[in-house]
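Residue strings, one per chain:
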Amino acid sequence: RGSRTRSEQFHVPLYRVLSDLVRIQLDQFVDRDTRGKLPAVLRGRITPENTVVPYFTREQIDFEGALAGRALELVWLEDPLETFFLHIQGSGVVTLDTGEITRMGYADANGRPYRAIGGELLRRGLLRREEISMQSIVAYLRAHPLITREILSSNPSYVFYREVERGPLGNIEVPLTPYRSIATDAALFPKGALAWVQVGL
């Protein structure tokens, strides 16, 4: 649930990409001997001094207001935990307070490493391994709101969005097919390639 206008109910922003987010194609700057030791693409931001530094973290964006006041908000959502898991999923459907339905698709990310918050809860001994699921994580954080900020911020990765007419879209910009499309690592598996999945062996 969301709104185009910020209010007391709808106060969690879903951001579009800012122009200061840059991608550096490192594989175009290094020779073959060093390829594989560095990421192919490095993301950062350009400072007023015209240098490139790491992009803002989740803590800086969500809790310190690093992007506030730049008119980057696509919509405002009502639940920070639902918004966080929208970042994990990469796309979603938002029902606006006007009755309009809009689709949000992945646009880019801040380039920071992804760290699962379930692992952080496990490391702290707050949940047992066999208990960890999206539902149990949400339930725990709703019951312990005072640690929500530090748990969410333990994952510095952040996703930016765009509105799309159809979706969810895969990494070749084609809508996913229910019960057929699968997630793969593009570094290991060709984009759009056919796959055979055999279960029950």
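Everything in this summary refers to the structure shown in the same document. This one's a predicted model, so the numbers in the text were calculated from it and none came from an experiment.

1. Observations concerning the nonpolar core
One recurring pattern in soluble globular proteins: nonpolar side chains tend to sit buried together. Grouped together as the largest cluster of nonpolar side chains are twelve residues: L81, F84, F85, I117, L121, L127, I137, V138, Y140, L141, I151 and L152. Those elements that place two or more of their residues in this core are α2 (80-89), α3 (117-123), α4 (134-143) and α5 (148-153). In this structure I137 touches F85, I117, G118, L121, L127 and I132, once residues within four positions along its chain are discounted.

2. A closer look at the sheet that holds strand β3 (residues 21-25)
Whenever strands of a sheet pair, they do so through backbone hydrogen bonds, lying parallel or antiparallel. The three strands lie next to each other as β3-β4-β5, forming an open sheet whose pairing is antiparallel. Two strands close off the open sheet at either side, each with one partner strand: β3 and β5 (52-53). As paired elements, β3 and strand β4 (residues 41-46) share five bridges and run antiparallel to each other. What sits directly across from V22, in β4, is G44.

3. Here we look at the sheet that holds strand β1 (residues 2-3)
Pairing within the open sheet is antiparallel, and its three strands lie in the order β1-β6-β2. Both edges of this open sheet fall to β1 and β2 (12-15), since each of them pairs with a single strand only. Of the strands in this sheet, β2 and β6 (73-77) are in contact with α2, which crosses β2 at around 20°.

4. Side note on α4
S136, I137, V138, Y140 and L141 are the residues of α4 that are buried. Buried residues belonging to α4 abut α2, α3 and α5.

Thresholds applied
Residues numbered from 1 in each chain as written. Predicted model: local features only at pLDDT ≥ 70, side-chain atom pairs only at ≥ 80, totals over all residues. Heavy atoms only, no water. Core = buried A, V, L, I, M, F, W, Y, C linked by side-chain atoms within 4.5 Å. Buried < 20%, exposed > 50% of the residue type's maximum accessible area, 1.4 Å probe, protein only. Helix = DSSP H or I, 4+ residues; strand = E, 2+ residues; numbered from the N terminus. Contact = heavy atoms within 4.5 Å. Pairing = 2+ DSSP bridges. Axes fitted to C-alpha atoms, helices over the stretch in contact; angles between N-to-C directions.

In short, geometric facts, not functional conclusions.
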